[in-house]
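Coordinate analysis (summary)
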Amino acid sequence: MLALGALSLGAFGIGLTEFVVVGLLGPLGDDLDVSISTAGLLVTGYAASVAIGAPIMTAAGTRLPRKTMLVILMALFIAGNVLAAKAPDYGVLMTGRVVSALCHGAFMGIGPVMAASLVAPERRSRAIALMMTGLTLSNVVGVPFGTALGQQLGWRAAFWGIAIIGAVSLAAIIAFVPSRPSDTGGSLRAELAVFRRPQVWQVLTVTMLGWGAAYAAITFLEPILTRVSGFDTGAVPWLLILFGVGLTAGNLLGGRLADRALMPTLYGTITAATAALVVFALAAPYAVPAAIMVFVLGAAGFAMVPVFQTRVMDVAKEAPSLASSVNAAAFNVGIALSAWFGGLAIDGGLGLLAPVWIGVALGLAALAAAAASGKAERKTEVREQVAA
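Being a predicted model, the structure only gives us computed values, none of them experimental.

**Remarks on the overall build of the protein**
The helix and strand tally for the protein stands at 16 helices and zero strands. With respect to the three principal axes, the spread of C-alpha positions in the protein is 65 × 40 × 35 Å. Here the protein holds 388 residues, and 59% of them are scored as buried. Looking at the protein as shown, the accessible area adds up to about 14500 Å², and 69% of this sits on carbon and sulfur atoms. If you average the places of the 22 positive and of the 17 negative side-chain charges in the protein, the two averages end up 11 Å apart.

**A closer look at the confidence of the model for the protein**
On average, residues of the protein score 84 in pLDDT, and 94% of them reach the 70 mark or higher. Mean pLDDT per element in the protein: helix α8 (residues 188–193) is the minimum at 72, and helix α12 (residues 262–283) is the maximum at 95.

**Points about the packing of aromatic side chains**
Inspection of every chain in the model, using the stated rule, returns seven aromatic pairs. A ring pair is formed by Trp 211 and Tyr 215, whose centres lie 6.3 Å apart and whose planes are at 55°; its orientation type is tilted. Linking Trp 211 with Tyr 215, this pair stays in helix α9 (residues 198–218), spanning four residues, or about one helical turn. Linked through ring pairs, Trp 211, Tyr 215, Phe 302, Phe 308 and Phe 331 together constitute an aromatic cluster.

**Let's talk about the nonpolar core**
With 122 residues, the main nonpolar core has Leu 93, Phe 107, Met 108 and Trp 211 as its most contacted residues. Ranked by the residues each element gives to this core, the list is headed by helix α5 (residues 90–117), at 13 residues.

**Description of the packing of α9 against helix α15 (residues 320–347)**
Viewed as axis vectors pointing N to C, α9 and α15 meet at an angle of 40°, and their least axial separation amounts to 7 Å. As the angle between them shows, α9 and α15 are arranged oblique. In this structure, α9 crosses over α15, and the sense of that crossing is right-handed. Contact residues: Leu 204, Thr 207, Met 208, Trp 211, Gly 212, Tyr 215 and Ala 216 in α9; Ala 323, Val 326, Asn 327, Ala 330, Phe 331, Val 333, Gly 334, Ile 335, Leu 337 and Ser 338 in α15.

**What to know about helix α14 (residues 304–315)**
Given a rise of 1.5 Å per residue, 12 residues ought to cover 16 Å, and the 17 Å separating the end C-alpha atoms of α14 matches this to within 8%. Along α14, the positions that sit buried rather than exposed are Met 304, Val 305, Pro 306, Val 307, Phe 308, Gln 309, Thr 310, Arg 311, Val 312, Met 313 and Val 315.

**What about a nonpolar patch on the surface?**
A cluster of nonpolar residues, Leu 41, Leu 337, Trp 340, Phe 341 and Leu 344, forms a patch on the protein surface that exposes about 440 Å² of accessible area. Residue contributions to the nonpolar patch peak at four residues, all from α15. Counting through the fold element by element, Trp 340 comes out in helix α15. You can call Trp 340 partly exposed: its relative accessible area is 42%.

**As for the side chain of Thr 269**
Inspection of the secondary structure assignment puts Thr 269 in helix α12. Judged by its relative accessible area of 8%, Thr 269 is buried. Of the polar contacts made by the side chain of Thr 269, one reaches the backbone oxygen of Thr 265; its length is 2.8 Å. Here Thr 269 is in contact with Ala 300, Ala 303, Met 304 and Val 307, once residues within four sequence places are set aside.

**Comments concerning the pattern of salt bridges**
Where charged atoms of side chains with opposite charge meet at close range, the side chains can pair. Here the structure, examined in full by the defined rule, presents one salt bridge. The residue Arg 126 makes a salt bridge to Asp 259 at a minimum N-O spacing of 2.9 Å. You can see Arg 126 sitting in helix α6 (residues 124–153) and its partner Asp 259 sitting in helix α11 (residues 236–260), a full 133 residues away along the chain.

**With respect to the environment of Pro 237**
Looking at the element boundaries, Pro 237 is found in helix α11. Sequence-distant contacts of Pro 237, defined by excluding residues within four places in its chain, comprise Pro 144, Thr 147, Ala 148 and Gln 151.

**Digging into the environment of Gly 15**
Along the chain, the position of Gly 15 falls in helix α1 (residues 2–19). Sequence separation of Gly 15 and Gly 134 is 119 residues, and the distance between their C-alpha atoms is 7.5 Å.

**So, the side chain of Ser 229**
With respect to the helices, strands and loops of the structure, Ser 229 is situated in the loop between α10 (221–227) and α11. Only 2.6 Å separates the side chain of Ser 229 from the backbone oxygen of Ala 284, close enough to count as a polar contact.

Cut-offs used in this document
- Numbers given for residues are sequential positions, taken from 1 along each chain in its written order.
- For this predicted model, a pLDDT threshold of at least 70 governs which residues receive local features, and a threshold of 80 or more governs which side-chain atom pairs are given and counted, while totals over whole chains, interfaces and linings are taken from all residues.
- No hydrogens and no water enter the side-chain calculation; it runs on all heavy atoms of the structure.
- Each helix corresponds to a stretch of at least 4 residues labelled H or I by DSSP, and each strand to a stretch of at least 2 residues labelled E; elements are numbered beginning at the N terminus.
- With a 1.4 Å probe rolled over the protein chains alone, any residue whose accessible area is under 20% of its type maximum counts as buried; one over 50% counts as exposed, and the rest are partly exposed.
- Note on areas: these come from Shrake-Rupley sampling with a 1.4 Å probe, and a residue is covered only by the protein chains present in the view.
- In summary, the charge assignment counts Lys and Arg as positive and Asp and Glu as negative, without counting His or the chain termini.
- Think of each charge as sitting on NZ of Lys, CZ of Arg, CG of Asp or CD of Glu.
- Per-residue confidence from the predictor is given as pLDDT, running between 0 and 100.
- Side-chain rings of Phe, Tyr and Trp, where Trp is taken by its six-membered ring, are said to pair if the distance between their centres is within 6.5 Å; with planes under 30 degrees apart they count as stacked, over 60 as edge-to-face, and otherwise as tilted.
- Each nonpolar core is a collection of buried residues, namely Ala, Val, Leu, Ile, Met, Phe, Trp, Tyr and Cys, held together in the definition by side-chain atoms within 4.5 Å.
- Angles shown run from 0 to 180 degrees and are taken between the N-to-C directions of axes, each axis being a line fitted to C-alpha atoms and, for helices, limited to the stretch in contact.
- Each angle gets one of four labels, with under 35 degrees taken as roughly parallel, over 145 as roughly antiparallel, 65 to 115 as roughly perpendicular, and the rest as oblique.
- In this scheme the handedness of a crossing depends on how the near helix is turned from the far one: anticlockwise by less than a right angle means left-handed, clockwise means right-handed.
- Here, residues are in contact when the closest pair of their heavy atoms is within 4.5 Å.
- By definition here, a helix of n residues has an expected span of 1.5 Å times n minus one.
- Candidates for patches are residues over 30% relative accessible area with no salt bridge; among them, like charges are joined within 9 Å and nonpolar side chains (Val, Leu, Ile, Met, Phe, Trp, Tyr) within 5 Å.
- Any Lys or Arg side-chain nitrogen found within 4 Å of a carboxyl oxygen on Asp or Glu counts as a salt bridge.
- Pairs of N or O atoms within 3.5 Å make up the polar contacts considered here, provided that, within protein, one atom can donate a hydrogen while the other can accept it, and that residues adjacent in sequence are counted only when both atoms are side-chain atoms.

Next up, the structure:
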């Protein structure tokens, strides 16, 4: 459990870096003299860097023990946050975000594989969910704290705090994650071979669309709550705590359900997340219903995470680390696209709720892609049975 806790702590720091900007878009925009949509590109740029860096960093470390890679990645994460904290302008801040992001995808790809290897096979989705609890707790505790800290002491203080948390995470990984010199991936050629399978790309597409749907609302949650729902800025940290509680509950529930029935849980979680977006779009102008839906959005969205992660490990058994890292990249391609399209919609005069409706469209596309993937898998199973 200490090893899982160390991995979860690492995920906590990484999640805090990614999500803390959501609560600071307004102060960042004001201080750096950029628009809300331009400040939102700090989310898009981070996500795009994760998408690019995840397979590259994981492939580069294929021959290294997984623990060694986790240590290297966390050190890079700390460096990126220090750079962000000292940034004199928007460009340097974006650079710090990019440096931090380079470690994100590989860490969140290797970490779940390590977590799953620490428990019995029938409990692997729950182990992945426990590791991902660090990601969700970064929203329950970290993001509201970082938002409040940034509002009181300036946004730089939030990034200094993250760098300190990163240092503690690094120490915990060194101390508690088991060192297994033989615990490495295969050859790079063997790892890459799994990407010849159409099924792997179908699963990655589901991840991209499904998480893009969830993040369409999350990216612009702070301005929606203050400018559409009418909450004061001081209420935002408390609403983000509510959001984070939903994330944690949904993540743990998704892991438990995935261990029981993976494919039905896949369809069910995507459907629930899409429905939650529809209700949120309708409820956003009303403070109390909007607050309730903040919790529901978190729960429905993060219930998908352990499901997607387990699914890609199933279809790429021979290269779980690389496939899992590319899946983390797919998560962030979805984030980047939804944040970008959302910003374009806002700049085009469609209003702050336009990104939420974009998320609904992405959710429906994810459900269709998941159904197509399941159908293709059933056909493959039938052919194999006939051949046998």
